[in-house]
Amino acid sequence: MTDLDKHQRMANAIRFLAIDAVEKAKSGHPGLPMGAADIATVLFTEFLKFDPTAPNWTDRDRFVLSAGHGSMLLYSLLYLLGYEDFSLDELKNFRQLGSRTAGHPEYGHGAGIETTTGPLGQGLGNAVGMAIAERLQADRFGKDLVDHYTYVLAGDGCLMEGISQEALTLAGHLKLNKLIVIWDDNGISIDGKVEITDSTNQQARFAASGWNTIDVDGHDPAAIADAIRQAQASDKPTLIAAKTTIGFGAPNKAGTAKVHGSPLGAEEIAGTREALSWPHEPFEVPSDILDAWRIAGLRSAQAHKDWQKRFAEADAELRAEFDRRNRGDLPAGFTKAVLEYKKQLAEDQPTMATRKASEACLGVINEVVPETIGGSADLTGSNNTKTAQTEPVTPDDFSGRYIHYGIREHGMAAAMNGIALHGGLVPYSGGFLIFSDYCRPSIRLAALMNQRVIHVMTHDSIGLGEDGPTHQPVEHFAALRAIPNLTFFRPADVTETLECWQLALESGDAPSILALTRQNLPTQRKSYEEENLCAKGAYVLIESEDEAAVTIFASGSEVEIAVDAHAELSEAGIAARVVSVPSFELFEAQSDDYKEAVIGTASVKIAVEAGIRMGWDRFIGNDGTFVGMTGFGASAPYKALYEHFGITKDAVVAAAKEKIGA
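Now for a look at the structure at hand. These numbers come from a predicted model, not from an experiment.

### Looking at the pattern of salt bridges
Here comes step 1: Applying the stated criterion to the full structure yields 32 salt bridges.
Here comes step 2: The partner of Asp59 in a salt bridge is Lys49, with the nearest N and O atoms 2.9 Å apart. Residue Asp59 is located in the loop between α2 (31-47) and β1 (62-65), and its partner Lys49 is located in the loop between α2 and β1; the two are separated by 10 residues in the primary sequence. Of the two residues, Asp59 and Lys49, both sit in the buried class.
Here comes step 3: Asp592 is paired through a salt bridge with Lys595; the nearest N and O atoms lie 3.7 Å apart. With Asp592 and Lys595 both in helix α23 (residues 592-599) and three residues apart, the pair spans about one turn of that helix.

Here is the structure:
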């Protein structure tokens, strides 16, 4: 058997495992695995550095299937290479409830899946983050410990999605030369030929952004191998445009949209087996071919042993720090630093916008947590995410800790997910809350993947003032609170901001958003408490000495309004209490007894927030009073806007008095 014959049979093993799994599930996308099997075979048997027996080895190469609909390509590879999590039975249970082999690859379902993909272009964005993380870690720990590539298999759809432009321009600017994107250039999308909808010269597009580009026959293993070698030697990121036939081998459906997202059917499968000389039963891989794949799986075993030797010989302190960061543990001095600063805040009682409060907190955090990597989408001076410790990352110097992402919110959020997935770093970034809309798909995926990614989102309401309704979030609090496993924080003062930062950093399995103000706010906590009260999600800020007739719930900047209203109600002899609600999600995680106690028994319940009512009935009931927004904002100084929209102390007091008949 010649090398070419062996290659073709190994590639056909991928093709037919994908064909058979999709057919058995009666659902799926066989076209991409069939078309990209030659690319995958060359990459995984000749180039990719990995160890199926130690799948989380930190210096493995990363492979991202950005075209996640072709998931059976990845699952077939993982089975063939000997990854324990992907048995033949798992492949037979493709797309079934409880299987590791979900319709699109899901991070955490099994070792070997580096990220959750499916929303097209996200994998490319994640890979840029992974490549950034590799460069950052290599600078910190040296190339003896960190020296790996990030490979992406992307489809036409990935390159059409707008996020691809943000991702590729950032990668080109930062000269991420260890990022290699292989474009499965099959010219087909769901609606038919790509030429129906797009005529972009993709190679010219990438080249214009500082990429090396190579075009190759995606079914010629020698040419594919030569292209990858060229890419590895480049001083730029590389796009390999691999011309392929979708559904390669299918006698009637190859090269058409019919093979993209539907099972081939028994007749077409029979014809494909004949065309590709694969006379085996469904899910059967001949022993010599399976052996060849399993041997390929062991190809990097020596490289892993060599790495372990280098690691063992490294400085003990360096090893300990490397392990700590990759485990995701915070440094031992973190809690102490937070509490000391909290004591100082209780003494100083500063008045400041929570975006400035966040900057002050980050100054403390970044001093003791060296793995934080900050950034902003061209809003550094507005988001206040840069501190004295965070020098900029530049194309030629990755020793810094601050990434100027440019006006690329979506690409930034996807890259942050990739940095977190890579391990060893804690990404946070800044943007305006209104532009969470641009980040939302990536934020949702961070939540789905349980990743510690922290978004600092400032200018969080009409309180930003003159920039007007295009920039004033109204529905965004509710929309972000709706995402499962995302913690949305809206702190009321500097102490709550510090506590929310602590919680975001300590949350190893969920992303967080800190919604912060442009306008100044007074300190609401008047004394030091070691306990993190924001950890409860909501807590009684001001208790009533007598049985309360009124409870006022508020978040963020509106806690000040609630406190002022409480003072006026108290002067009028009306017993009231104030509950600060920095996080709906953390409140729901508390015991029923705690939640009942915080909500209380007051007959009048009022919520104050400069957003829409959605979600607040949990606290005030359907018959409660909501003081907030019912539509879009307007352009004016912020104090005039609060008056105009009736989000004031007087409005709260009047509502309370009306309800109790005072």
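Picking up where we left off.
### Notes on the sheet that holds strand β9 (residues 372-376)
Here comes step 1: The sheet built from six strands is open, its strands ordered β10-β9-β11-β12-β14-β13 with parallel pairing. Unpaired on one side and paired on the other, β10 (402-404) and β13 (487-489) mark the two borders of the sheet. For this sheet, the mean angle separating the axes of adjacent strands, direction not counted, is 20 degrees.
Here comes step 2: Sheet contacts for helix α18 (residues 436-448): β11 (426-432), β12 (454-458) and β14 (512-515); angle to β12, the most-contacted strand, approximately 165 degrees.

### Some points on the sheet that holds β1
Here comes step 1: The five strands lie next to each other as β1-β2-β3-β7-β6, forming an open sheet whose pairing is parallel. Strands with a single pairing partner mark the edges of an open sheet, and in this sheet they are β1 and β6 (212-217). For this sheet, the mean angle separating the axes of adjacent strands, direction not counted, is 20 degrees.
Here comes step 2: Strand direction decides the pairing type here: strand β3 (residues 179-185) and strand β7 (residues 238-243), joined by six bridges, are parallel. Each bridged residue has a counterpart across the sheet, and for Ile182 the counterpart in β7 is Ile240.
Here comes step 3: Across the face of the sheet, helix α9 (residues 221-233) comes into contact with β2 (150-154), β3, β6 and β7 while running at roughly 170 degrees to β6.

### Looking at the packing of helix α1 (residues 3-25) against helix α10 (residues 266-275)
Here comes step 1: One can describe the packing of α1 onto α10 by two numbers: an axis separation of 12 Å at closest approach and a directional angle of 170 degrees. In terms of orientation, α1 lies roughly antiparallel with respect to α10. Residues Phe16, Ile19, Asp20 and Glu23 of α1 touch α10, and the partners they reach there are Ala266, Ile269, Thr272 and Arg273.
Here comes step 2: For the contact of α1 with α10, the per-class residue count stands at four nonpolar, one polar and three charged.

### Examining helix α13 (residues 316-327)
Here comes step 1: With 12 residues, α13 ought to run about 16 Å at 1.5 Å a step, and its terminal C-alpha atoms sit 16 Å apart, in line with that.
Here comes step 2: Inspection of α13 places Phe322, Arg324 and Arg325 among the buried residues, and these make up the whole buried set. With its buried residues spanning 165 degrees around the axis, α13 presents them on a single face.
Here comes step 3: Of the surrounding secondary structure, the elements contacted by the buried residues of α13 are α5 (122-141) and α12 (301-313).
Here comes step 4: Its side-chain oxygen at 3.0 Å from the backbone nitrogen of Glu317, Asp315 defines the N-terminal cap of α13.

### Thoughts on the pairing of β7
Here comes step 1: Most of β7 sits out of view: five of its six residues are buried.
Here comes step 2: Pairing of β6 with β7 involves six bridges; the strand directions are parallel. The partner of Thr213 across the bridge, within β7, is Leu239.
Here comes step 3: In this view, the connection linking β6 to its parallel neighbour β7 by way of α9 has right-handed handedness.

The rules behind these values
Residues numbered from 1 in each chain as written. Predicted model: local features only at pLDDT ≥ 70, side-chain atom pairs only at ≥ 80, totals over all residues. Heavy atoms only, no water. Salt bridge = Lys/Arg side-chain N within 4 Å of Asp/Glu carboxyl O. Helix = DSSP H or I, 4+ residues; strand = E, 2+ residues; numbered from the N terminus. Buried < 20%, exposed > 50% of the residue type's maximum accessible area, 1.4 Å probe, protein only. Pairing = 2+ DSSP bridges. Axes fitted to C-alpha atoms, helices over the stretch in contact; angles between N-to-C directions. Contact = heavy atoms within 4.5 Å. Parallel < 35°, antiparallel > 145°, perpendicular 65-115°, else oblique. Nonpolar A, V, L, I, M, F, W, Y, C, P; charged D, E, K, R; others polar. Expected span 1.5 Å × (residues − 1). Arc of directions from axis to C-beta. Polar contact = N/O pair within 3.5 Å; in protein donor to acceptor, adjacent residues only side chain to side chain. Right-handed = clockwise from strand over helix to strand, strands pointing away.

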